[in-house]
Amino acid sequence: MFSKYYVPAGSSADGDFTTVVTPESAGWAESSLWTLELAPGASVHLQSGENEIVVVPLSGSAVIVAEGTEIALTGRTSVFDGPSDFAYIGRDSDYTVASAGGGRFALCGARAGAKLPHRYGPVSGVAVELRGAGNCSRQVHNFATADTFEADSIIACEVITPGGNWSSYPSHKHDENSDVESALEEIYYFEIDRSPTGTEGFGYHRVYGTAERPIEVLEEVRSGDVVLVPHGYHGPSIAAPGHHMYYLNVMAGSGEIRAWNICDDPQHTWLRGSWDHQDIDPRLPLQSHN
């Protein structure tokens, strides 16, 4: 039986949107995600409402028009071709997403208290971080994290995990506001690279809680799947050998400070020290544009 925190590909589709996760559907208050699929020459007119929105091309190019501001996104062929440029849309705004060549686009959302200016995020400004070592090596695109891009609430990044590797590990949590942790609802959206012969790949994702706040999720994930993390420790995300794993993380919380502060599972935090004596996976970075 699937967990209620697992949203299989296509199960939340609505019109041009192949994925729809809202605070109402997730049962929480802040974070949202839509994945939009446009045919060549197609466009959609949208409203941001209470949300600030970050538009990230998953594949293809787009032009975003919001209240007289036009933002052209070069995009990329696929999520495994390095980071992309992106667009930020403030709350309470009408905007249009159009694509001459067609494509797929992630609309990352978070409830926002302030309306900030619409603006362009160039690919040259996306910090590419190689995190971990050995079979815990992964590539992180910090395009809308708290220390790289100004926003009201949203925190968003992308992670590439080479086939056979583990990421989001050691397992960690961010479900309470304290001196060392920030309460953030988190969405994981997955895409899995096909094999050289074109066959479909898969991975696994784990979420587990504490005695005080239990949660149990262990799902096989494929392209287009979503896992919701309302609280608890999450990780590892495991890429099957032969298939690179991509996931998009969208986070937001109600705390006064926009920050990604985490606590490791104390049973596994020792692992970080072991990376000091290991090399980063030589397959990384994967086709980075930076």
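Residues numbered from 1 in each chain as written. Predicted model: local features only at pLDDT ≥ 70, side-chain atom pairs only at ≥ 80, totals over all residues. Heavy atoms only, no water.

## Details of the environment of Ser-43
This is how it is decided: The numbering of helices and of strands both runs from the N terminus, where a helix is a DSSP run of H or I of at least 4 residues and a strand a run of E of at least 2. Each residue is placed in one exposure class: buried if its accessible area under a 1.4 Å probe, protein chains only, is under 20% of its type's maximum, exposed if it is over 50%, and partly exposed if it falls in between. What makes two residues a contact is simply this: any of their non-hydrogen atoms within 4.5 Å.
Among the secondary structure elements, Ser-43 is positioned in strand S4 (residues 42-47). Residue Ser-43 is classed as partly exposed on the basis of its relative accessible area, which comes to 45%. Remark: the alpha-carbon pair of Ser-43 and Leu-218, spanning 175 residues in sequence, is separated by 37 Å. When residues no more than four places from it in sequence are discounted, the contact partners of Ser-43 are Leu-38, Thr-96, Val-97 and Ala-98.

## Some thoughts on the side chain of Asp-281
Here is the rule: Two N or O atoms form a polar contact when they lie within 3.5 Å of each other; inside protein one atom must be a possible hydrogen donor and the other a possible acceptor, and for residues adjacent in sequence the pair counts only when both atoms belong to side chains.
Tracing the sequence through the fold places Asp-281 in the segment after helix H2 (271-274). At 3.1 Å, the side chain of Asp-281 forms a polar contact with the side chain of Asn-165. Excluding residues within four positions of it along the chain, Asp-281 makes contact with Gly-134, Ser-137, Pro-162 and Asn-165.

## Notes on unusual backbone geometry
Following Tyr-169, the chain continues into Pro-170 via a peptide bond in cis, with omega recorded as 5°. Along the polypeptide, Pro-170 turns up in the loop between strand S14 (166-167) and strand S15 (172-173). The omega torsion of the bond from Leu-284 to Pro-285 falls at -5°, within 30 degrees of zero and hence cis. With respect to the helices and strands, Pro-285 occurs in the segment after H2. Of note, Glu-67 is a non-glycine position whose phi angle comes to about 50°, a positive value. Structurally, Glu-67 can be placed in the loop between strand S5 (51-66) and strand S6 (69-76). In this structure, Ser-168 takes a positive phi of about 50° despite not being glycine. On the basis of relative accessibility, which here comes to 6%, the residue Ser-168 falls in the buried class.

## Thoughts on the pattern of salt bridges
Threshold: Counted as salt bridges are all cases of a side-chain nitrogen of Lys or Arg within 4 Å of a carboxyl oxygen of Asp or Glu.
Going through the model one piece at a time under the given rule, you end up with 15 salt bridges. Its salt-bridge partner being Asp-92, residue Arg-91 comes within 2.7 Å of it at the nearest N-O pair. Look at Arg-91 and you get buried, because its relative accessible area is 18%. A salt bridge links Arg-104 to Glu-191; the nearest nitrogen and oxygen atoms lie 2.7 Å apart. Of this pair, Arg-104 sits in strand S9 (residues 103-111) while Glu-191 sits in strand S16 (residues 185-192), and the two are 87 residues apart along the sequence. What makes Arg-104 partly exposed here is its relative accessible area of 25%. Glu-191 sits in the buried class, given a relative accessible area of 9%. Within this structure, Lys-173, Asp-175, Glu-176, Glu-181 and Arg-213 form a network of salt bridges that share partners.

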